[in-house]
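Fold and geometry: a report
Residue strings, one per chain:
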Amino acid sequence: MKRNDMMKSDGGRSSRWDIRRGLNSVRRICGEFEIEGVFGPIFELLDCDEKFFTAVEVTAGNSLFHVVVNTDEVSTQIIRHLNALKGGRVTFIPLNRVKAPHVSYPQSSDVIPLLKKLKFSPKYTPAFAQVFARTVICRDLDVATRVARADGLDCITLEGDQVSKKGGMTGGFYDYRRSKLKFMNIIKQNTKSIKTKEDELEKIDQRITELVTEQQKIDAKQAHDRSELEQLKQDIANANKQKDSIYKALQKKEKLLADIRTQIEQLKASMAMKQAEMGTDLIDHLTPEEKDLLSRLNPEITDLKDKLITCRTDRIEIETRKAELETNLTTNLVRQKQELEAIISSAETDICSGEAELKRQELKEAKLLVDDLTHRLKRVSENIDERTKQLKKIKDEKTKLKNLEDNYERTLQDEAKELEQLLSKRNLLLAKQEDYSKKIRELGPLSSDAFDTYKRKSIKELHKMLHKCNEQLQQFSHVNKKALDQYVNFTEQREELQKRQAELDAGDEKIRELISVLDQRKDESIERTFKGVARHFREVFSELVQGGHGFLVMMKKKDGDHGDDDQDEDGPREADVEGRVEKYIGVKVKVSFTGQGETQSMKQLSGGQKTVVALTLIFAIQRCDPAPFYLFDEIDAALDPQYRTAVGIWWSLKDGMISNMIRRLADMATTQFITTTFRPELVKVSDKIYGVTHKNRVSRVNVVTKEDALDFIEHDQSHNTD
């Protein structure tokens, strides 16, 4: 029965594979050979409400995968290609060869024709009528049985239970999660969603292109305005430079003119004096030296007169040039300066303030819009990429599975053929082997000279002798002929097994010795470490709590009553028979803060006392194995003032009440103690103090003095008290 079920399952799986391979082959053939008139399988061409999916799938069965084509010629052409490519099997429904059957349906509210609940193109009506026209949907099985018997129609319920018009009934559970129509509907919705996203993406791309173009225009216009403004500023600067140069040249000319006027006045005075002297006849009264001097001065006077005439000419030209420059300055340059100043003021007030602000606002809005569209585009692109990757992954997996299944199928066919050949050959060889074995058994063991002895005898004599030997051998049929060979094999196996047993025993003994040594070292290491920590714990606790004492107790599985004593054992212990780490179950803390009465466990202590015990354990471990630094976060928050002071003195070198052991350890082991606190006790004994402030959402760390820190803590405590 199980074998038949497995064969049916394999057959159904193979059929589904043939259908899937056939549909894929049809799509590939239509694409490669450009065959028109192929509309697709039934399940791709129909649409209906989800509540009818089960009824449609059960009614149609494998007909859902029948491919609708226009004519039978198209189906014939595709079948030829399928045979040539070995692409599987497909059933076609040519629309020119099928006709819609005429069926009269019963008029009842409990019966609905299945064909009327399907949505499809009218041109596919003959194909859908051939599959669904003779089936109606009934409210339940009772109605379906009555309609099938009375009207001769195939009936089905929404749950998929069928009643055939011939009387057969099919029903049971139908897994809706594996609905083919449901998967097809999901694929259609995803395809439509992808198409919608692609359209939106195209629109967004167009919008982005428009915004980029507009932004480029704005940038070009702004650059043009900026260049014009720069040109105007350059013109103004050039005009100012020209004005300064003209003003400097004018000042030089005026100074030169003043000097020339002074020289002219001096020359006029000299001329007047000379003329006055020329009006008197003094030559006769002159001495020969004076006459000689006068004769030398006359040419100089002539030269001076010529120079005077030249100076007058230059003066006239300079005055003319001055008048021209003043006119140019008054008429052109001053007016041009005023115009340029007006242009600058208007450009700075209007363009630079108003238009620039407007452009900046427009640019900001455009950038925000571009950022928004970019984010939306990114999300859509990521969604599309994710869907595309999923679809591609599914297609790749589908292709791989398809190729793998094709390979398996071909391999299975080849191996099946080879298996048949091998089976036939095996059967033949087994028959020969059986025959030869039978003959050998009949012959029995042969001596070395058997062939020489019986070589010259005839066949009849040999048969008689063989028959006689067989009769004699029948008396020894109960004897095991392979006993000697079996004895030799068993002896060799026993010796090999004994050798392996000896090797395994030796390895086991060595492993046990190694485990014992390692367990002993572990026990010694744990006890040595515990003893050191327990001794330092007792010392540190007595230093922190004046008059108090405390110790650690190791909890063991097999210690009996002494495992829970109130004393830690620093001395040597007797060797434990168990000798393994598993004998330790924990460490117990026993402390007394008054030094009187019974010791207390951790559950009986207050919050501040638990903090003192925890710090004692940390300092004890620090003594055993010092670390580079210790970082404490408000360890004094839960401490009483007396313990807070005691802990603070661990960093102090001035207090004489408690030993400065921590400072000594810090100096010897280069250990630092870093703590955060809001209490004055630790601040008073600190070497360096840092204050953390928060301003404008930024934290800053600064070095502060001890007085400032104490003032801050005092102000904080008074504020909290208020």
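Because the structure is a prediction, the values reported are computed rather than measured.

Each helix and strand counted, the protein has 16 helices and 14 strands in total. For the protein, with 722 residues in total, the buried portion stands at 25%. Intrachain contacts of the protein at a sequence separation of at least 6 include 68% that bridge at least 24 residues. Carbon and sulfur atoms make up 53% of the accessible area of the protein, which totals about 52,100 Å².

Moving on, we come to the nonpolar core. Looking at soluble globular proteins, one finds that nonpolar side chains tend to be buried together. The biggest cluster of nonpolar side chains holds 44 residues, and the ones touching the most others in it are Val 56, Leu 64, Phe 128 and Phe 132. Residue assignment for this core shows that the elements contributing at least two residues are α1 (2-33), α2 (42-45), α3 (53-60), β2 (67-69), α4 (72-85), β3 (92-94), α5 (125-132) and α7 (180-278). For Phe 132, the residues in contact, after removing those within four places along its chain, are Ile 42, Leu 46, Val 56, Thr 59, Ala 60, Leu 114, Leu 115 and Leu 118. Counting 24 residues, the second largest nonpolar core, distinct from the first, contains Leu 552, Tyr 584, Val 589 and Val 613.

We now examine the side chain of Thr 157. Relative to the helices and strands, Thr 157 resides in the loop between β6 (154-156) and β7 (162-163). In this view, Thr 157 contacts Ala 55, Cys 138, Asp 140 and Leu 141; residues no more than four positions away in its chain are not counted.

Taken together, the buried positions of α5 are Ala 127, Phe 128, Ala 129, Val 131 and Phe 132. Each element contacted by the buried residues of α5 is listed here: α2, α3, β2, β3 and β5 (135-138).

What follows deals with the pairing of strand β9 (residues 549-556). Counted residue by residue, β9 has six buried out of eight residues, so it is predominantly covered. In this sheet, strand β10 (residues 584-592) lies alongside β9 in antiparallel orientation, the contact comprising eight bridges. The residue bridging Gly 550 from the neighbouring strand is Val 591, located in β10.

At a minimum axis separation of 8 Å, helix α11 (residues 483-544) and helix α12 (residues 607-624) run at an interaxial angle of 130°. The angle between α11 and α12 falls in the class oblique. Between α11 and α12 lies a crossing whose hand is right-handed. For the pair α11 and α12, the contacting residues are Gly 532, Val 533, His 536, Phe 537, Glu 539, Val 540, Phe 541, Glu 543 and Leu 544 in the first and Val 612, Val 613, Thr 616, Leu 617, Phe 619, Ala 620, Ile 621, Arg 623 and Cys 624 in the second. Residue composition of the contact of α11 with α12, grouped by class: twelve nonpolar, three polar and three charged.

A separate point is a nonpolar patch on the surface. A surface patch of nonpolar side chains, amounting to about 430 Å² of accessible area, comprises Tyr 690, Val 692, Val 701 and Val 703. Those elements that provide at least two residues to the nonpolar patch are β13 (689-695) and β14 (698-704). Checked against the element boundaries, Tyr 690 lands in strand β13.

Our next topic: the packing of aromatic side chains. Per the stated rule, a full pass over the model turns up seven aromatic pairs. With centroids separated by 5.5 Å and ring planes inclined at 65°, the aromatic side chains of Phe 43 and Phe 65 adopt a geometry described as edge-to-face. Highlighted residues: Phe 43 in helix α2 and Phe 65 in the loop between α3 and β2, separated in sequence by 22 residues. Note on accessibility: Phe 43 and Phe 65 belong to one class, buried. Here Phe 619 and Phe 632 contribute two aromatic rings whose centre-to-centre distance is 6.3 Å and whose plane-to-plane angle is 90°, an arrangement assigned as edge-to-face. Separated by 13 residues along the polypeptide, Phe 619 in helix α12 and Phe 632 in strand β11 (residues 629-633) bring together distant segments of the chain.

Bringing the sheet that holds β6 into the picture now. If you walk across this open sheet you meet the five strands as β4-β5-β6-β7-β8, and the pairing is mixed. Two strands bound the open sheet, and with one partner strand each, they are β4 (111-113) and β8 (169-170). As defined by bridge partners, β6 adjoins β7 across two bridges and the pair is classed as antiparallel. Its bridge partner being in β7, Cys 155 is matched across the sheet by Val 163. Sitting on the sheet, α3 touches β5, β6 and β7, and the angle it makes with β6 is about 145°.

Further remarks concern the sheet that holds strand β1 (residues 38-41). The mixed open sheet is built from three strands, whose spatial order is β1-β2-β3. Strand pairing shows two members of the sheet lacking a second neighbour, β1 and β3, which therefore form its edges. Each adjacent strand pair in this sheet contributes to an overall mean axis angle of 20°, direction not counted. Looking at chain direction, β1 and β2 are connected through three bridges and run antiparallel. The residue bridging Pro 41 from the neighbouring strand is Val 67, located in β2.

Right, let's get into the confidence of the model for the protein. Per-residue confidence for the protein averages 77 on the pLDDT scale, and 81% of its residues sit at or above 70. By mean pLDDT, helix α14 (residues 661-669) is the weakest element of the protein at 50, and β2 is the strongest at 93. Long-range and interchain partners of residues 1-11, a stretch whose pLDDT sits below 50, account for zero contacts in this model, where long-range means more than four residues apart. Segment residues 559-579: pLDDT under 50, and 32 contacts once partners within four positions in sequence are set aside and those in other chains are kept.

Turning next to the environment of Thr 675. With respect to the helices, strands and loops of the structure, Thr 675 is situated in strand β12 (residues 672-676). Given a relative accessible area of 25%, Thr 675 falls into the partly exposed group. Beyond its immediate stretch of four places on either side in the chain, Thr 675 contacts Phe 632, Glu 634, Ile 635 and Leu 682. Reaching out from Thr 675, the side chain makes a polar contact with the backbone oxygen of Phe 632 at a distance of 3.4 Å.

Rules behind the numbers
Residues numbered from 1 in each chain as written. Predicted model: local features only at pLDDT ≥ 70, side-chain atom pairs only at ≥ 80, totals over all residues. Heavy atoms only, no water. Helix = DSSP H or I, 4+ residues; strand = E, 2+ residues; numbered from the N terminus. Buried < 20%, exposed > 50% of the residue type's maximum accessible area, 1.4 Å probe, protein only. Contact = heavy atoms within 4.5 Å. Areas by Shrake-Rupley, 256 points an atom, 1.4 Å probe, with all protein chains shown as cover. Core = buried A, V, L, I, M, F, W, Y, C linked by side-chain atoms within 4.5 Å. Pairing = 2+ DSSP bridges. Axes fitted to C-alpha atoms, helices over the stretch in contact; angles between N-to-C directions. Parallel < 35°, antiparallel > 145°, perpendicular 65-115°, else oblique. Left-handed = near helix turned anticlockwise from the far one by under 90°. Nonpolar A, V, L, I, M, F, W, Y, C, P; charged D, E, K, R; others polar. Patch = residues over 30% accessible without salt bridge, like charges linked within 9 Å, V, L, I, M, F, W, Y side chains within 5 Å. Salt bridge = Lys/Arg side-chain N within 4 Å of Asp/Glu carboxyl O. Phe/Tyr/Trp six-rings, centres within 6.5 Å; stacked < 30°, edge-to-face > 60°. pLDDT = per-residue confidence, 0-100. Polar contact = N/O pair within 3.5 Å; in protein donor to acceptor, adjacent residues only side chain to side chain.

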